[in-house]
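# Coordinates in review
Take a look at the letters that make up each chain.
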Amino acid sequence: MERAMVEKHLQQAREHVALGGQHIARQREIVAEMTDRGVDATEAIRLLVNFEESQVMHLAHLDRLNAELLALRGERETSISRTTAAS
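Bear in mind the structure is a predicted one, so any value in this text is a computation, not a measurement.

So, how was this worked out
Residues numbered from 1 in each chain as written. Predicted model: local features only at pLDDT ≥ 70, side-chain atom pairs only at ≥ 80, totals over all residues. Heavy atoms only, no water. Helix = DSSP H or I, 4+ residues; strand = E, 2+ residues; numbered from the N terminus. Buried < 20%, exposed > 50% of the residue type's maximum accessible area, 1.4 Å probe, protein only. Polar contact = N/O pair within 3.5 Å; in protein donor to acceptor, adjacent residues only side chain to side chain. Contact = heavy atoms within 4.5 Å. Salt bridge = Lys/Arg side-chain N within 4 Å of Asp/Glu carboxyl O. Core = buried A, V, L, I, M, F, W, Y, C linked by side-chain atoms within 4.5 Å. Expected span 1.5 Å × (residues − 1).

## Topic: the side chain of Gln27
- As for its placement among the helices and strands, Gln27 is situated in helix 1 (residues 3-37).
- Judged by relative accessible area, Gln27 falls into the buried class, the value being 7%.
- Of the polar contacts made by the side chain of Gln27, one reaches the backbone oxygen of Ala44; its length is 3.1 Å.
- Beyond its immediate stretch of four places on either side in the chain, Gln27 contacts Ala44, Leu47, Leu48 and Phe51.

The structure is reproduced here in structure tokens:
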């Protein structure tokens, strides 16, 4: 993938991770509120688990994109080094 595209995807992944963190925090509040009121929080807990599992996937995707960007930077530096050495 081209560097500009990786950087675009990386920004989107960062936004997904941030938004996912907000969803998780709010859902934890909802679960706590329901529990405090003695209401059945089973579905709220299931949703929280779903959010947490999704966040793990978002973080893994972010890690892959970061690694890809680093690899592209390394390829560029290697290419520059080879060009400079050939001169």
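## Concerning the pattern of salt bridges
- Applying the stated rule across the entire model yields five salt bridges.
- With its nearest N and O atoms 3.0 Å apart, the salt bridge here joins Arg3 to Glu7. Here Arg3 and its partner Glu7 are both found in helix 1, four residues apart, which amounts to about one turn of the helix.
- Between Arg26 and Glu33 there is a salt bridge, with its nearest N and O atoms 3.6 Å apart.

## Quick word on the environment of His61
- Here His61 lies in helix 2 (residues 42-86).
- Among the residues examined, His61 registers a relative accessible area of 34% and is labelled partly exposed.
- For the pair formed by His61 and Ala13, sequence separation is 48 residues and the distance between their alpha carbons is 7.1 Å.

## Side note on the nonpolar core
- Listed in full, the eight residues of the largest apolar core are Val6, Leu10, Ala13, Val17, Leu62, Leu65, Leu69 and Leu72.
- Secondary-structure elements contributing two or more residues to this core are helix 1 and helix 2.
- Not counting chain neighbours up to four residues away, the residues in contact with Leu69 comprise Arg3, Val6, Glu7 and Leu10.
- In this structure, Val31, Met34, Ala44 and Leu48 belong to the second largest nonpolar core, which totals six residues.

## As for helix 1
- Here helix 1 is 35 residues long and its end C-alpha atoms lie 51 Å apart, about the 51 Å a rise of 1.5 Å per residue gives.
- Every buried residue of helix 1 is listed here: Val6, Leu10, Ala13, Val17, Gly20, Ile24, Gln27, Val31 and Met34.
- Trailing helix 1 by a residue or two, Gly38 shows a phi angle of about 80°, which is positive.

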